[in-house]
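Residues per chain, in single letters:
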Amino acid sequence: MMGPVSTTPAIEVHGLRKAYGEHQAVRGIDFTVGRGEVFGLLGPNGAGKTTTVEILEGYRARDGGDVAVLGFDPQRRERALRERLGIVLQSCGFDRHLTPREMVAHWASLYPHPRDPAEVIRLVGLEDKQDDIVRGLSGGQQRRLDLALALVGDPELIFLDEPTTGFDPAARRTAWGAIRSLRDLGKTVVLTTHYLDEAQELSDRVAIIKDGRILAIGTPAELGVGTAQRVRVTWRSEDGELHEREVDDPTQLVHDLTAEALARGEPVRDLTVVRPSLEDVYLELTADQQEETVGV
Amino acid sequence: MSDAIAIGWRQFRLERKQFWRNPTAAFFGFLLPVVFLLIIGSLTPASDRDIIIPGIAGMNVMASTFNAIAMNMTFRREQGLLKRMRGTPMPTGAYLGGVFGNVAFNGTLQVAIVVFGGAAIFGLPLPYHWDELIIFTIVGIFSFTALGIAFSHVIPNFDAAPAYTNFVFLPSILLGGVFFDPATTSSAVLDDIARVLPISHFIAGMRGAIQPDGGLSHHVGDLTVLALWGLFGLYFAIRGFSWDQRRS
């Protein structure tokens, strides 16, 4: 039934450019997303994330560069491509007088090989609300319906544009679980977010994007997240001053601090030993960029 | 192709469900026009009913097509519903066909209510010229819907939609001859305005259909003007169409 699993990348982008009038939203970016990968696009508001994703989804025409999504040019909007994509837009309304069950069933009918609507409703945790009018659902429940509509066509490639914005912590955990389950099913996921912990938690690889350029790209480990290469040690000295040092291996430093404190018979105050999070990497990168800009 | 028709049909069914579940849509699109027919019909002397009641058909068709689609498209664009549909494999024609079918159904229902309600309640004769009634209904619904979609491109946001729509609708029904026969007015200015508005030509066809001395052959000019308005509307409906609220 299914053809052989393709080994070409799910997404290939080379030299992508897009401007709105004078404003250069995307200034020549390159990246590749492999099949079955969860790829995070991370950056501040106005960085060019949504523009990039909307070009990949086929909503916008690019000004320059080459783009292939599952081997298609998204700009041509072929139905064969759209049948294989699932899209969760950043903020998007509903036909408010229908029920989730009616909507998911209608969406399923648009795709050649849909998943079972009831199963998808269960997956996103809406079974208690499936016969309520959408108008009466909470914001988080509507967001879960968004996800159900994107998944019911059983897409190979799923775009999630800030999928958990406005969620409470419990709902975020549920959504993260649903996204992880997509990876387990072998789906490719492109995720934009400005939550660093979300990118770190879910992504196999992350691109940090700002002012329409990619500042860094790689696995969280390659970006220096959670690896032992750079560890930040902070502590408070006798005079109450806070110290901070970044080292490759904290063993010696921590030993010295604790030995010294033991010798004085006092505790080491406010001692922390942290591996940098994506947030640190991100702040460092975006700060460098700003200094560069100022220096020009 | 047959697949697109099947999807369009399902979209139409879904639109019908939403219409009856949405109190605002059902009130303005169905109930209020019926109330207008009852009130205005009762206030009109029996001798004038063959003039006034076809005028009400014009008002009701315009309300349930032009007004309804202008507001609905503005809402769907602003809320991202159009954009959401654009991201699915649904053929564009199937979606818009379903949306149009819903509006056309309501417009047809209004003509039927006025014709049969007018006969049953106000003792009006049934149309002498069914062909004229049917052709004017089809062309009128097409034209007002196309104009409504084109007009939705002018409306900046949904909050402004009722004001924009009524800015066109209210003068149209007052000047377009819903409540009088433009041919009998003493004001040349009013008569000139009425000659331009699509609603006056639609009403001329409705009146012709229920009058023994009417008939399609007497209203070819009205039908042509109405159809030209429809083509004008269609051109701008397609040209200005945007799936997305953002202008960029």
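Residues numbered from 1 in each chain as written. Chains lettered and ligands numbered in written order. Predicted model: local features only at pLDDT ≥ 70, side-chain atom pairs only at ≥ 80, totals over all residues.

Novice: I tried to follow the interface of chain B and chain A on my own but got confused; where do I start?
Specialist: Size of an interface, as often reported, equals the accessible area lost when the parts are brought together. With 18 residues of chain B at the contact, the number on the chain A side is 19 residues. Every element with two or more residues in the side of chain B that touches chain A is listed here: α1 (2–21) and α4 (81–86) of chain B. Among the elements that line the side of chain B that touches chain A, the one with the most residues is α1 of chain B, at six residues. Of the residues assigned to the side of chain B that touches chain A, the class counts are five nonpolar, seven polar and six charged. (Contact = placed C-beta atoms within 7 Å. Helix = DSSP H or I, 4+ residues; strand = E, 2+ residues; numbered from the N terminus. Nonpolar A, V, L, I, M, F, W, Y, C, P; charged D, E, K, R; others polar.)

Novice: Looking at this structure, how should I read the confidence of the model for chain B?
Specialist: Low pLDDT means the predicted atomic positions in that stretch should not be read closely. With 97% of its residues at a pLDDT of 70 or more, chain B has an overall mean of 89. Interface predicted TM-score (ipTM) for the complex: 0.85; the corresponding pTM is 0.82. (pLDDT = per-residue confidence, 0-100.)

Novice: Looking at this structure, I do not really get the sheet that holds strand β2 (residues 23–33) of chain A. What am I missing?
Specialist: Remark on secondary structure: sheet strands pair via backbone hydrogen bonds, oriented parallel or antiparallel. All names here are of chain A. Sheet architecture is open: three strands sit in the order β2-β1-β4, paired in antiparallel fashion. Edge positions in the open sheet fall to β2 and β4 (64–69), since each of these has one partner strand only. Each strand axis lies, on average, 25 degrees off the axis of its neighbour in the sheet, ignoring direction. Relative to β2, strand β1 (residues 11–20) is paired through eight bridges, and the arrangement is antiparallel. Residue pairing across strands places Y20 opposite H23, the latter belonging to β2. Sitting on the sheet, helix α1 (residues 49–57) touches β1, β2 and β4, and the angle it makes with β1 is about 120 degrees. (Pairing = 2+ DSSP bridges. Axes fitted to C-alpha atoms, helices over the stretch in contact; angles between N-to-C directions.)

Novice: Teacher, can you tell me more about the pairing of strand β7 (residues 188–193) of chain A here?
Specialist: Two faces make up the sheet, and in a regular strand the side chains alternate between them. Residues and elements named next belong to chain A. In terms of burial, β7 is largely enclosed, as six of its six residues are buried. Along β7, one buried face is formed by T188, V190 and T192 and the opposite face, lined by V189, L191 and T193, is buried too. Of the pairings in the sheet, the one linking strand β3 (residues 38–42) to β7 comprises five bridges and is parallel in character. Bridging across to β7, F39 finds its partner in V190. Here strand β6 (residues 157–161) pairs with β7 via five bridges, running parallel. Residue F159 lies in a different strand from β7, and its bridge partner there is V190. (Buried ≥ 20, exposed ≤ 12 C-beta atoms within 10 Å, placed from the backbone.)

Novice: Would you mind showing me how to read the nonpolar core here?
Specialist: Looking at soluble globular proteins, one finds that nonpolar side chains tend to be buried together. Core analysis: the largest hydrophobic core is formed by 118 residues, its most contacted members being L42, A148, F159, V189 and V190 of chain A. It is helix α3 (residues 49–79) of chain B that provides the largest number of residues to this core, a total of 14 residues. Filtering out sequence-adjacent residues up to four positions away, F159 of chain A remains in contact with V53, L56, E57, L85, I87, V88 and V190 of chain A. (Core = buried A, V, L, I, M, F, W, Y, C linked by C-beta atoms within 7 Å.)

Novice: I tried to follow the sheet that holds strand β5 (residues 85–88) of chain A on my own but got confused; where do I start?
Specialist: Residues and elements named next belong to chain A. Pairing in this open sheet of six strands is mixed, and the strands run β5-β6-β7-β3-β8-β9 from one edge to the other. The sheet is open, and its two edges are formed by β5 and β9 (213–218), each paired on a single side. The sheet shows a mean angle of 15 degrees between the axes of neighbouring strands, taken without regard to direction. Along the sheet, α1 contacts β3, β5, β6, β7 and β8 (205–210); its crossing angle with β6, the most-contacted strand, is approximately 150 degrees. Against the sheet, helix α5 (residues 139–151) touches β5 and β6, its axis set at about 165 degrees to β5.

Novice: Could you clarify how one ought to interpret helix α6 (residues 130–152) of chain B in this entry?
Specialist: One turn of an α-helix holds 3.6 residues; hence residues three or four places apart share an orientation. The terminal C-alpha atoms of α6 of chain B lie 33 Å apart, and with 23 residues this matches the ideal 33 Å at 1.5 Å per residue to within 8%. Across the 23 residues of α6 of chain B, 18 count as buried, placing the element largely inside the fold. (Expected span 1.5 Å × (residues − 1).)

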